[in-house]
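The primary structure of each chain is shown beneath.
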Amino acid sequence: MFEKSLYDLIRGLRNHKGNEKEYIQNCLKECRSEIRSPDMDLKATALLKLIYLEMNGHDMSWASFHVLEVMSSQKYHQKRVGYLGAVQSFRPDTDVLMMATNLLKKDLASSHPTTITLPIVALPHLVTPSLALSLLGDLLPRLTHSHASIKKKTVVTLYRLALVYPEALRAAWPKIKERLMDKDEDPSVTAAIVNVVCELGWRRPQDFLPLAPRLFELLVDGGNNWMAIKLIKLFATLTPLEPRLVRKLLPPLTNLVKTTPAMSLLYECINGIIQGGILGDGEDFSAREEVASLCVSKLRGMVSINSDPNLKYVALLAFNRIVTTHPMLVAEQEDVILECIDSEDISIRIKALDLVQGMVSSENLLSIVSRLMRQLKASSSALAQQQDGQEDLDDSSEDGSGRRAKSQEQTAPLPDDYTIDVIGRILGMCSQNNYAKVIDFDWYIDVLTQLVRIAPPPSPRDLDSDSSSSPKSVDISERIGNELRNVAVKVKAVRPAAVRAAELIISRLSTDTVSSRPVVTGALKPLAFVVGEYAFQLSSPDDTLRNMLGLVPRVDYPEVLATCLQSVPKLFAHVAGDDRALWTPERKSSLSLLMARVIHILEPFAQHPYLEVQERAVEFIELLRLTAEAASGQAPFTDEIQQDAPLLLTQAIPSLFTGWELNSVAPGAQYNVPIPSGLDLDEPIHPNLGSLLSQADSLMLPTQGDDEFEVYYNQRPAPTGIYSGPAIERLVDAPEEVGSSYQQAGEESYLDADILARRKAERRERNKDDPFYIPDMSSSRTGTSTPIHNILQKENGPDLDIDAIPIMSLDLEKLSVSGPSRHQQTQHPRQARQKIVIEADETLGGSGGNSGVSTPGGAARPGYDSENNSDSFNLSKAAKKPKQKSLLQFNSSVLGGLSLTDEQRPDDGFAHERQQKEEAEMALAMKEVQRLRLEMQRANERIQVAQGVPSEGVAVVKKKKKKTKTVVKADEGEEGVVKKKKKKVEGGGGRGW
């Protein structure tokens, strides 16, 4: 009477904070002694406390036999505790589980409904294949029980049994189907059966097509939202097998979409319409368009009106499926979809990006990319301010709390993975179909320039990897540089702008980074190619060469370094290869110093472990040494001696990099190159190659001690006083801030100030001769003034901003002015430009490079598939469904090969019907054996009577064996019975055989 109850245990556990472990150990000792008590009430109370402790992580498997004892109690409240302990502690390998089989059978056959529910509810947690086989015959009669709750629980339990013993489903299916087809059945039982059928339907939908009329009736007249959701999912798997269901399902689904107030049912109706193929190909085009429009409008409401992020996410999922069949309808919802890009939930942003990437066009590309760029720019600014604030907090600790609060109010920076994903999507949208959607390439080049500055650097893990590996897979900046290179190669009209952008990025890399810090950005590789290949379009080749020479020693990646080494002689050839310039002493000295500096920088790479870097460094060093020797021996130009520059400088070196223009080549073009008929790559170059190589190794060459050639090329020259660093350190002042303008369409929100200033200067230069263009006030300082400009400056003062004047909407139809309006031409300057020609990839035997394969930078890409485009955060094919597991972590794939039809019944497996049939046959055989035995006994009696033996039998003396022998001989009519020893025959007419 003084034992602790469960409430005392919980109360004591709360009172022993900090000393819970010792208290729990004492409680376990008490439970061990209490559970061995013969008092069933005390045993049940101890078991209840053990269950609570087991839920907190303490093992109670040692008490499994005591759990079985409590389960066998006749009192319901104790039996319920025992079953709870079994559910909590029993496992498939528990020893006493075999002993519980008879107890489960007994409780299933109980006359009390409350007792029957205990084993039915516990079986899904305890079931094993042998237990399912033993209890199947006891569970099936419960499907016809008078209580609906027992039938409902039995249906769900049978599905759980079928997961471990699939034949149980075939035995139970006739009765389950009977319950489903019964219109007077309780709705709860029908809903349970529908749940089981839905779980089975996606495995073998063809087995449930005969149930379509009854399921359709339940969908129309059911009135249960959750059952309707299950039915819609089931019909989505049946419609591909029976297309006529589409026309039948369209009216009720449309009615549910229009009338239901439940958001869950609304989404499942829309999802079922999409997955069932109702929006796909069909006969009634107008009906499909009406349903598609209705679904899109409902999804728009779920995104815009509802603040629940879960509804927004599933609505975006549905949009991603509809966009494949009705892209124009989804494109009309661009405003609400773009709002989701700025959502606080990253998963909603990613789904919105998937959708936006699928519906991008030439009209909305600018607005979509601008919104994404503003998001990235805000994140980059917040990250920079956060780093600056952290440095300030490290320097000063007095006002650190106020700065920390201020930094928390700012926008939090985005994760690097999301930033890389957004940048990749921007590049994919702009370069899709060979830049078919890009109208203004100048704007695209500015976007790429800004993206190089925003792109996050590679992680330290990638920097510590193998030096021969390429950073392409981890560095998004290389993809940005590849896009800039593709634009420079393919779009000749904007090639000068692309080259100047590459020049600006290289200059910024050289001046903004610390000279001792390595350059890790992958954009340097394609940018070095651009400035080297198109050096003649650089605004300042000398400065670009100086910047490249400063960056080369700081490059870590060997592939990037090899490209940079290739661009250095190209830049040098352009700087020093002017054959029209006079060979003056100044030019001679400057070029000699420049060559000495280039040689000094390239010499350490002559021993580089990467073969490509070593080969290029050695080649260029030797070439520049010969050129330096020729330049030193060439007298300068004077009035007396008219001497030209060395031909190595003006003709030989420039001719190495001039000739045919390099064009973009499709990746698959190499496979189209025919192999020469006489080429055998396995054949040795020379039949005696091995002996020739061995002779070359043993060949001794004579020494050349006094050869000047040997001294020049094989001996390191004496160190000179030439300064190897940059001659002049450039100081780049920050450009002035540019005010916002209506013509920039919000570009000041995501482009840096220097890019905006350059764009404004280019626009001013382009429109300086346009009489309809009003220049800004700053142009008066340059001396160009017009009468309109003078009037505006006189009336409004020097602070007037022309760009801030809004454009008024004019009704040109009321004006009798012939010809196009100049206002329309200035309002859309990008559309009025000349058509840009984009070069296609070169290939052999194809229809051009744009055949669905990507260019080296991703120029021509295959069509976008919004359903399989997440990931970067990368997802699986929709057709490859994962193995579905229940909440109990059991695999339901075992039901995939189970057929519920008789003609497809497999031969293997022990079917329940077969077992019952064999048992019935065995019972009949036993009855037949008993009948034959009685007939043989009666025949034996008749024989004995005919031989004079009384019917009541003869008493035989033990020692007299003859009569016993004669009695045995009288039994010759018995088949297959041979008696070697003669036994005593009792009375009874020979029944002792």
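Residues numbered from 1 in each chain as written. Predicted model: local features only at pLDDT ≥ 70, side-chain atom pairs only at ≥ 80, totals over all residues. Heavy atoms only, no water.

Secondary structure summary: the protein contains 40 helices and 0 strands in total. Looking at the protein as a whole, 41% of its 993 residues qualify as buried. Put simply, the protein shows about 56,400 Å² of open surface, and 54% of that area lies on carbon and sulfur atoms. (Helix = DSSP H or I, 4+ residues; strand = E, 2+ residues; numbered from the N terminus. Buried < 20%, exposed > 50% of the residue type's maximum accessible area, 1.4 Å probe, protein only. Areas by Shrake-Rupley, 256 points an atom, 1.4 Å probe, with all protein chains shown as cover.)

Mapped onto the elements of the fold, Glu-533 is located in helix 28 (residues 524-533). Glu-533 has contacts with Lys-570 and Leu-662, leaving out every residue within four places of it along the chain. (Contact = heavy atoms within 4.5 Å.)

So, about the packing of aromatic side chains. A complete count under the given rule lists 4 aromatic pairs for this structure. Considering the side-chain rings of Tyr-435 and Tyr-444, the 6.1 Å spacing of their centres and the 55° angle between planes classify their relative orientation as tilted. Where Tyr-534 meets Phe-536, the ring centres are 6.5 Å apart and the plane angle is 75°; that geometry is what we call edge-to-face. Residue class for Phe-536 comes out exposed when judged on its relative accessible area of 53%. An aromatic cluster is present here, built from Tyr-435, Phe-441 and Tyr-444 joined pairwise through their rings. Over the aromatic face of Trp-62 sits the side chain of Arg-32, whose NZ or CZ is 4.0 Å from the ring centroid. (Phe/Tyr/Trp six-rings, centres within 6.5 Å; stacked < 30°, edge-to-face > 60°. Lys NZ or Arg CZ within 6 Å of the ring centre and 35° of its normal.)

On the surface, Ile-675, Leu-679 and Leu-681 cluster together into a nonpolar patch covering about 380 Å² of accessible area. Within the secondary structure, Leu-681 is located in the loop between helix 33 (647-655) and helix 34 (689-698). Overall, Leu-681 belongs to the exposed group, its relative accessible area being 75%. (Patch = residues over 30% accessible without salt bridge, like charges linked within 9 Å, V, L, I, M, F, W, Y side chains within 5 Å. Salt bridge = Lys/Arg side-chain N within 4 Å of Asp/Glu carboxyl O.)

As a further point, take helix 16 (residues 285-304). For helix 16, which comprises 20 residues, the first-to-last C-alpha distance of 29 Å matches the rise-based estimate of 28 Å (1.5 Å per residue) to within 8%. For helix 16, every residue scored as buried is listed here: Ala-287, Arg-288, Val-291, Ala-292, Leu-294, Cys-295, Val-296, Leu-299, Met-302 and Val-303. Residues of helix 16 that are buried in the fold lie against helix 14 (244-259), helix 15 (263-275), helix 17 (309-322), helix 18 (327-331) and helix 19 (334-341). (Expected span 1.5 Å × (residues − 1).)

Moving on, we come to the nonpolar core. Soluble globular proteins tend to bury their nonpolar side chains together. Grouped together as the largest cluster of nonpolar side chains are 225 residues, with contacts concentrated most on Phe-235, Ile-426, Tyr-444, Leu-451, Leu-484, Leu-524 and Phe-572. At 10 residues, helix 30 (residues 558-576) tops the list of elements feeding residues into this core. Ignoring sequence-local partners within four residues, the contact set of Leu-524 consists of Ile-506, Leu-509, Val-519, Leu-551, Val-555, Val-560 and Cys-564. (Core = buried A, V, L, I, M, F, W, Y, C linked by side-chain atoms within 4.5 Å.)

Moving on to the pattern of salt bridges. Here the structure, examined in full by the defined rule, presents 30 salt bridges. Where Arg-179 meets Asp-182, a salt bridge forms, and the shortest distance between an N and an O atom there is 3.9 Å. Residue Arg-179 is classed as buried on the basis of its relative accessible area, which comes to 14%.

For any two helices packed against each other, the geometry is given by the interaxial angle and the distance between the axes. The N-to-C vectors of helix 30 and helix 31 (residues 585-602) enclose an angle of 175°; their axes lie 12 Å apart at closest approach. The pairing of helix 30 with helix 31 is recorded here as roughly antiparallel in orientation. Together, Leu-565, Val-568, Phe-572, Val-575 and Ala-576 of helix 30 and Arg-587, Leu-591, Leu-594, Met-595, Val-598 and Leu-602 of helix 31 make up the contact between the two elements. Broken down by class, the residue content of the contact of helix 30 with helix 31 amounts to 10 nonpolar, no polar and 1 charged. (Axes fitted to C-alpha atoms, helices over the stretch in contact; angles between N-to-C directions. Parallel < 35°, antiparallel > 145°, perpendicular 65-115°, else oblique. Nonpolar A, V, L, I, M, F, W, Y, C, P; charged D, E, K, R; others polar.)

In this section: the side chain of Gln-333. As for its position among the elements, Gln-333 is in the loop between helix 18 and helix 19. On the accessibility criterion, Gln-333 (9% relative accessible area) is buried. Of the polar contacts made by the side chain of Gln-333, one reaches the side chain of Arg-300; its length is 2.9 Å. (Polar contact = N/O pair within 3.5 Å; in protein donor to acceptor, adjacent residues only side chain to side chain.)

So, on to the packing of helix 4 (residues 64-71) against helix 5 (residues 76-89). Running from amino to carboxyl end, helix 4 crosses helix 5 at an angle of 145°, the nearest separation of the two axes being 7 Å. The two elements helix 4 and helix 5 meet at a crossing, and its hand is left-handed. Seen from helix 4, the contacting residues are Val-67, Val-70 and Met-71; seen from helix 5, they are Gln-78, Lys-79, Val-81, Gly-82, Tyr-83, Gly-85, Ala-86 and Ser-89. Per-class residue counts for the contact of helix 4 with helix 5 are 6 nonpolar, 4 polar and 1 charged. (Left-handed = near helix turned anticlockwise from the far one by under 90°.)

Although it is not a glycine, Asn-434 adopts a positive phi angle of roughly 60°. The residue Asn-434 is located in the loop between helix 23 (416-430) and helix 24 (441-454) in this model. With relative accessibility at 9%, the residue Asn-434 sits in the buried group. A positive phi is found at Tyr-435, a non-glycine position, where the angle reads about 60°. Mapped onto the elements of the fold, Tyr-435 is located in the loop between helix 23 and helix 24.

Moving on to the environment of Phe-319. Assignment of secondary structure puts Phe-319 in helix 17. A sequence separation of 10 residues divides Phe-319 from Leu-329, and the C-alpha atoms of the two residues are 9.8 Å apart. For Phe-319, the residues in contact, after removing those within four places along its chain, are Val-296, Leu-299, Arg-300, Val-303, Val-330, Gln-333 and Leu-355.

Within helix 28, 8 of the 10 residues are buried, which leaves it mostly tucked inside the rest of the structure. Burial in helix 28 covers these residues: Leu-524, Pro-526, Leu-527, Ala-528, Val-530, Val-531, Gly-532 and Glu-533. Looking at the packing, one finds that the buried side of helix 28 touches helix 26 (476-490), helix 27 (495-512), helix 29 (541-551) and helix 30.

This next bit is on the confidence of the model for the protein. In the predicted model, the protein carries a mean pLDDT of 76, and the fraction of residues at 70 or more is 71%. Ignoring residues within four places in sequence, the model shows residues 461-473, a span with pLDDT below 50, making 15 contacts including any to other chains. Between residues 777-783, whose pLDDT stays under 50, and residues either more than four places distant or in other chains, the model counts 10 contacts. (pLDDT = per-residue confidence, 0-100.)

Turning next to the environment of Ser-110. Here Ser-110 is to be found in the loop between helix 6 (100-108) and helix 7 (113-126). Residues in contact with Ser-110, not counting those within four places in the same chain, are Thr-115 and Ile-116. Of note is the side chain of Ser-110, whose polar atom sits 3.2 Å from the backbone nitrogen of His-112.

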